[in-house]
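Descriptive structure summary
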Amino acid sequence: MEEDQELERKISGLKTSMAEGERKTALEMVQAAGTDRHCVTFVLHEEDHTLGNSLRYMIMKNPEVEFCGYTTTHPSESKINLRIQTRGALPAVEPFQRGLNELMNVCQHVLDKFEASIKNYKDQKASRNESTF
């Protein structure tokens, strides 16, 4: 029971987002009756294949993850069900958090490279314009 409270505390920062002045659940953690914390389905609201497939890829890189897959509930609904099953004593929430962090790091790296390339392009363009005068 104490482990469940600890897991709930770990993802509490991810659970809600502010939308138009009211709290809206962005993430739910669902466990089927009779299962343990090693096999969990995460429901991510207002998300689609863009996050689902990227996150699944990042999570599956972890050797302790036995299974990770996602489904969209319906094309008219913008939510995904991400299921994670781990080996050994690792709770499913840990590779979920790690996958999110790694995905954010990759996205930040791409953004940094993109912005550096734009700056480089603008600097080169400006130096070409100066040399023609």
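Per chain, the residues get numbers from 1 upward, laid out in the order the sequence is written. Note on the predicted model: pLDDT of at least 70 is required for a residue's local features to be given, and 80 or more for side-chain atom pairs to be given and counted; whole-chain, interface and lining totals, by contrast, use all residues. Values reported for side chains reflect all heavy atoms of the structure, with hydrogen atoms and water molecules removed beforehand.

1. Observations concerning the sheet that holds strand 5 (residues 65-72)
- In short, DSSP must find at least two bridges between two strands for them to pair. A helix here means a DSSP run of H or I that spans at least four residues, while a strand means a run of E at least two residues long, and both kinds are numbered starting from the N terminus. The strand order across the open sheet built from 4 strands is 3-4-6-5, with neighbouring strands paired in antiparallel fashion. This sheet does not close on itself; its edge strands, each paired only once, are strand 3 (27-30) and strand 5. Here the average twist between neighbouring strands, direction ignored, is 20 degrees.
- In this sheet, strand 6 (residues 79-86) lies alongside strand 4 (residues 39-45) in antiparallel orientation, the contact comprising 7 bridges. Angles run from 0 to 180 degrees between N-to-C directions of axes, and those axes are lines fitted to C-alpha atoms, restricted for helices to the stretch in contact.

2. Side note on the confidence of the model for the chain
- You can read pLDDT as the predictor saying how much it trusts each residue, on a scale of 0 to 100. Put simply, the chain has an average pLDDT of 85, and 80% of its residues get 70 or more.
- Throughout residues 15-20 the model reports pLDDT below 50, and contacts reaching past four residues in sequence, or to other chains, amount to 14 contacts. Contact criterion: two residues are considered in contact whenever any of their non-hydrogen atoms come within 4.5 Å of each other.

3. As for the side chain of T41
- In this fold, T41 is placed in strand 4.
- Taking relative accessible area as the criterion, T41 reaches 14% and is therefore assigned buried. Exposure is judged per residue with a 1.4 Å probe applied to protein chains only, and the accessible area is read against the type maximum: over 50% gives exposed, under 20% gives buried, and values in between give partly exposed.

4. Notes on the pattern of salt bridges
- Think of a salt bridge as a Lys or Arg side-chain nitrogen and an Asp or Glu carboxyl oxygen that are within 4 Å of each other. A full pass over the atoms with the stated rule returns 2 salt bridges.
- In this structure, the salt-bridge partner of D123 is K119, at a minimum N-O distance of 3.0 Å. Of this pair, D123 and K119 both sit in helix 3 (residues 93-131), 4 residues apart, roughly one helical turn.
- For D123, a relative accessible area of 39% corresponds to the partly exposed category.

5. Let's talk about unusual backbone geometry
- In this structure, E46 takes a positive phi of about 60 degrees despite not being glycine.
- Looking at the secondary structure, you find E46 in the loop between strand 4 and helix 2 (49-60).
- Judged by relative accessible area, E46 falls into the exposed class, the value being 51%.

6. Notes on the side chain of N62
- Following the sequence through the fold, N62 ends up in the loop between helix 2 and strand 5.
- The exposure class of N62 is buried, given its relative accessible area of 10%.
- Those residues in contact with N62, other than ones at most four positions away along the chain, are L90, P95 and R98.

7. A short note on the packing of aromatic side chains
- Only Phe, Tyr and Trp rings take part, Trp by its six-membered ring, and two of them pair if their centres are within 6.5 Å. Stacked means planes under 30 degrees apart, edge-to-face means over 60, and tilted covers everything else. Evaluation of the coordinates by the stated rule reveals 1 aromatic pair.
- Seen in terms of ring centroids, F42 and F96 are 4.1 Å apart; in terms of plane orientation they differ by 5 degrees. Their pairing is stacked. Pair noted here: F42 is in strand 4 and F96 is in helix 3, with a separation of 54 residues, a long-range link.

8. Structural notes on helix 2
- The terminal C-alpha atoms of helix 2, which comprises 12 residues, lie 16 Å apart, in line with the 16 Å expected from a rise of 1.5 Å per residue.
- Every buried residue of helix 2 is listed here: L51, G52, L55, M58 and I59. Buried residues of helix 2 fall within an arc of 140 degrees about the axis and therefore sit on the same side.
- Definition of a polar contact: a pair of N or O atoms within 3.5 Å, with one able to donate and the other able to accept a hydrogen when the atoms are protein atoms, and with sequence-neighbouring residues admitted only if both atoms are side-chain atoms. Sitting at the head of helix 2, D48 places a side-chain oxygen 3.1 Å from the backbone nitrogen of T50. In this scheme, a helix's expected span is set at 1.5 Å multiplied by one less than its residue total. It is the directions from the helix axis to the C-beta atoms whose arc is reported.

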